[in-house]
Structures are given as C-alpha cells and as structure tokens.
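The lines below spell out each chain.
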Amino acid sequence: MNTARQSAARLIDESLGFLFPAALRAAAAVRVADHMADDDESVERLAEATGTDARNLGRVLRLLATRGVVEETTAGRFRLTATGQALRSDAPHSARAAILMLTDATMWRPAGEMHRCLTDGGSAFTNIFGTTFFDYFARDAETAAVFHDGMAAMSDHENEPIAEAYDFPPTGTVVDIGGGHGGLLLEVLRRQPGLRGILHDQAHVLADHRLGDHDDIGGRWSTVEGDFFSSVPPGDIHLIKRILHDWNDEQSAVILRNCRQAMAPGGRILVIDAVVPPGNQPHQSKTLDLMMSSLVGRERTEEDFVHLLKEAGLRLRRIVPTASVLSIVEAVSTD
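Since the structure is predicted, the reported quantities are computational estimates derived from the model, not experimental observations.

**Some details on the overall build of the protein**
Next, step 1: A tally of helices and strands in the protein yields 16 helices and 12 strands.
Next, step 2: The C-alpha atoms of the protein give a radius of gyration of 22 Å, which matches the 20 Å a tight globule of 335 residues would have.
Next, step 3: By the burial criterion, 46% of the 335 residues in the protein qualify as buried.
Next, step 4: Charge separation in the protein, taken as the distance between the mean sites of 33 positive and 47 negative side-chain charges, equals 3 Å.

Printed below as a string of structure tokens:
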C-alpha cells in the first residue's frame, strides 16, 4: 500500500473512533459489567440478565474487547479485564457514572456539530439546545443528576492524588468553591487534622454532599449555599477545582476576584484544572479543551493562567503537577 493510501486508510479508521465510546456507553447503560463475575460468561446469559438482544450485545462486547475492556475467551464468551472492572457500578473507583455523563446527548451532540464553533465562533451547545449549558441543567433535573453524578465519579479518582500533591498548612480554613459533593475537601481535611473546611455550592448540589458520612472529619466542616459570581466565604485557602474551565476569561476573572476579596492575609487560591502543555504530544487537556469549546468554556495554558490571574489582581506563584490529568495552579495576591 502506498503512502497516500495508508494515510487515507488511517484517517478513515480514526473517523470510526466514535463507535468505541458509543459501545462503552451502551455497556454502561445496561450494566452488563455488573453481571460479569470473575469467570467468563456467555453472551446469551448476559443478554438474559440485562434484558438485551444477545446478537447486538455480542457486537458491543466484541468491540470493547479490542480495547481491553473485556476479553473474548472462546467464541461467544467474555470476561472482564482488570481495566473493565471499573465499568462495574460497585467498583471502588467506578467509571460508569462518568462514562454516562461524558457520552450523554448534552456532550455528544455538540461534539457532532463542532463545525459550528469554527464557523460561528460560539458554543454549539447553545445552538442545539436553545439555551446555555448550565441553564439547561437548571431546568432539567434528570440531566443535571447525570452531570453531578458523573463529575463526582471523575473526582473520586482525582481527589486523593490532588490532596497528596500539595503541602496544605496544619491549621486554617479551606473553602472549596463549587465543591460539589465534597470529595476533595474530605481528602484535604483527612490529611491535616487541624484544618477546618467550608463546602460552597448551590443548595441542590449541597443536598447530596457526603461530608457527614465520615466520622474522622466530624466537627471540622460546614456548608454554605451561594453563587460564586456574587461572593464566596472567607478563608485561608480557596480551592477552585474544574470550575474555571467552564467559563470564559471575563467570567473566570469575576470568580477569582471574589476569592481574592475573601482571602485572609497571606492566603492562597488553588485553581485545579488541566493545564494544556506545549508541543505535539497527546494530553487529555487538549481533548478536554476541544470538548469544552463546543459546550461552554476552555482549558488553559500556563500563559493563559498568568494573564487571567493578573486581571483578578493575582499572580501565579507556581504550578504543582499531580498524579492525575489535573495540575494545581497556585495564586497569591499582588498586594
């Protein structure tokens, strides 16, 4: 095969790549992994257990086997691999809720019409759904639940390495801005018994927080309802995890200014996002940035953060890498 044919064949193969997440979503939706024990199982038995069509379930599993999620042991029999165990809903770090969120129609459809971002310069989401990303969730409780459950699932495997990567002080108050169900704040408080924490978010999100389930941080946390575009609670350290990537620079600067105004003397703001590295090497931040462009926001480079922080009266002190795709962008006041 000549080079031109090889190039065409590769690009055609790449264009079929969307079918793998489609198969992953299908498997997650019917909970097929929950019915796969340590041994292999026949497609017929799995179809009966999940109430699905055996032939089409076999097709889904066959494609997942090409990426190491399952393994076809003999014709028509499959078992979960070590990777595939995360597809189970009862796995210690289950990816199921995150998969359902990332492949939901609110993510999938804008990606399919990404050309709108190129021709119109705006969000494909707004053109498709007739409203903004977060306004849509505000009026659709079912979709909002998928989003918040998915974000919590993504956070569950990020929070521990993030908390381990940063040298938090032994005392003071940590405020988790838009902190969702409280997973990151939990890990931070566990590592420093002298710290107190405030979980800040909207009321309907705080209703499902998990801080009260853990006796080891009892008496050291509180929740505060609010809107980070208006004000945030005072504290020594403000955490802003996977928040600024949802907003443009002007909106992000408002959030940062509110945090700066609430900072105690000598306080720090920790922006925890995927920092886009230079060069041509693959990095999940580059994929996330393209997804965010079709929805609502953007991922940022180190230079982007320098400019953004300056607009809010802050300066970049350092960027701390973590064992996850996220980095900790540490900011302090310019005063």
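**Regarding the environment of Thr 143**
Next, step 1: Inspection of the secondary structure puts Thr 143 in helix H10 (residues 141-156).
Next, step 2: Classification of Thr 143 as buried rests on a relative accessible area of 12%.
Next, step 3: Each C-alpha atom of the pair Thr 143 and Val 30 lies 18 Å from the other, and the pair is 113 residues apart in sequence.
Next, step 4: Not counting residues up to four positions away in its chain, the partners in contact with Thr 143 are Asp 104, Thr 106, Tyr 136 and Phe 137.

**Some remarks on the pairing of strand E11 (residues 314-321)**
Next, step 1: Where E11 and strand E12 (residues 327-333) come together, seven bridges link them in antiparallel fashion. Bridge pairing in E12 links Ile 319 to Val 329.
Next, step 2: Hairpin connection from E11 to E12: five residues lie between these consecutive antiparallel strands.

**Describing the sheet that holds strand E8 (residues 263-273)**
Next, step 1: Read from one edge of the open sheet, seven strands run E6-E5-E4-E7-E8-E12-E11, paired in mixed fashion. The open sheet is flanked by strand E6 (221-225) and E11, the only strands paired with a single partner. Between one strand axis and the next, the sheet turns through 20 degrees on average, direction left out of account.
Next, step 2: When strand E5 (residues 195-201) meets E6, the two strands line up parallel, connected through five bridges. The partner of Gly 197 across the bridge, within E6, is Trp 221.
Next, step 3: The sheet contacts of helix H12 (residues 183-191) involve strand E4 (172-177), E5, E6, strand E7 (235-241) and E8, and relative to E5 the element is tilted by about 175 degrees.
Next, step 4: Of the strands in this sheet, E4, E7, E8, E11 and E12 touch helix H14 (residues 249-262), which is tilted by about 150 degrees from E8.

**Concerning helix H16 (residues 302-311)**
Residue pairs spaced three or four apart in an α-helix point in one direction, given the helix's 3.6 residues per turn.
Next, step 1: Where H16 is concerned, the buried positions are Phe 305, Leu 308 and Leu 309. What you see down the axis of H16 is that its buried residues fit within an arc of 95 degrees, all on one side. Turned more than 90 degrees off the buried face of H16, the exposed positions are Glu 303, Lys 310 and Glu 311.
Next, step 2: Packing partners of the buried residues in H16 comprise H14, E8, strand E9 (275-276), strand E10 (300-301), E11 and E12.
Next, step 3: Following H16 by one or two positions, Gly 313 has its phi on the positive side, about 75 degrees.

**A word on the packing of helix H3 (residues 43-50) against helix H4 (residues 54-65)**
Next, step 1: Between H3 and H4, the least distance of the axes is 9 Å, while the angle of their chain directions is 110 degrees. When the interaxial angle is binned, H3 and H4 end up roughly perpendicular. Contacts between H3 and H4 involve Val 43, Glu 44, Leu 46, Ala 47 and Thr 50 on the former and, on the latter, Ala 54, Leu 57, Gly 58 and Leu 61.
Next, step 2: A class-by-class count of the residues in the contact of H3 with H4 yields six nonpolar, two polar and one charged.

**Remarks on the sheet that holds strand E2 (residues 70-74)**
Next, step 1: Strand order across the open sheet formed by three strands is E1-E3-E2, with antiparallel pairing between neighbours. Edge positions in the sheet fall to strand E1 (41-42) and E2, since each of these pairs with one other strand and no more.
Next, step 2: The pairing of E1 with strand E3 (residues 77-80) spans two bridges and is antiparallel. Counterpart to Ser 42 in the pairing with E3 is Arg 77.

**Examining the pattern of salt bridges**
Next, step 1: For the structure shown, the criterion picks out 22 salt bridges.
Next, step 2: Lys 241 is the partner of Glu 158 in a salt bridge, and the nearest nitrogen-oxygen pair spans 3.0 Å. Of this pair, Glu 158 sits in the loop between H10 and helix H11 (159-165) while Lys 241 sits in strand E7, placing them 83 residues apart in sequence.
Next, step 3: The class of Lys 241 is buried, set by a relative accessible area of 9%.
Next, step 4: Among the ionic pairs, Arg 191 bridges to Glu 160, the shortest N-O distance being 3.8 Å. Within this pair, whereas Arg 191 is found in helix H12, its partner Glu 160 is found in helix H11, the two being separated by 31 residues in sequence.
Next, step 5: Its relative accessible area of 37% is what places Glu 160 among the partly exposed residues.
Next, step 6: Members of the salt-bridge network, linked through shared partners, are Glu 160, Glu 164, Glu 187, Arg 190, Arg 191 and Asp 216.

Parameters at a glance
- Within any chain, residue numbers begin from 1 and follow the written order of that chain's sequence.
- Given that this is a predicted model, residues contribute local features only at a pLDDT of at least 70 and side-chain atom pairs are listed and counted only at 80 or more, while totals for whole chains, interfaces and linings are drawn from all residues.
- As a rule here, side-chain values come from all non-hydrogen atoms in the structure, and water together with hydrogens is ignored.
- Labels follow the DSSP assignment, with helices taken as runs of H or I lasting at least four residues and strands as runs of E lasting at least two, numbered in each case from the N terminus.
- It is over C-alpha atoms that the radius of gyration is taken, and the globule rule equals 2.2 Å times the number of residues to the power 0.38.
- Residue exposure (1.4 Å probe, protein chains only): buried if accessible area is under 20% of the type maximum, exposed if over 50%, otherwise partly exposed.
- The charged-residue count follows a simple rule in which Lys and Arg add positive charge and Asp and Glu add negative charge, with His and chain termini not counted at all.
- The location of each charge is read from NZ of Lys, CZ of Arg, CG of Asp or CD of Glu.
- Any two residues whose heavy atoms approach within 4.5 Å at even a single point are treated as in contact.
- The rule for pairing is simple: two strands pair if DSSP sees at least two bridges between them.
- For helices, the axis comes from a line fit to the C-alpha atoms of the stretch in contact; other axes are also lines fit to C-alpha atoms, and the angle between any two N-to-C directions lies between 0 and 180 degrees.
- Starting at the helix axis, one direction is taken to each C-beta atom, and the arc is that of these directions.
- Note on terminology: angles under 35 degrees are roughly parallel, angles over 145 are roughly antiparallel, angles of 65 to 115 are roughly perpendicular, and the others are oblique.
- The classification used treats Ala, Val, Leu, Ile, Met, Phe, Trp, Tyr, Cys and Pro as nonpolar, Asp, Glu, Lys and Arg as charged, and all other residues, Gly among them, as polar.
- Salt bridges are identified by distance alone: a Lys or Arg side-chain nitrogen within 4 Å of an Asp or Glu carboxyl oxygen.

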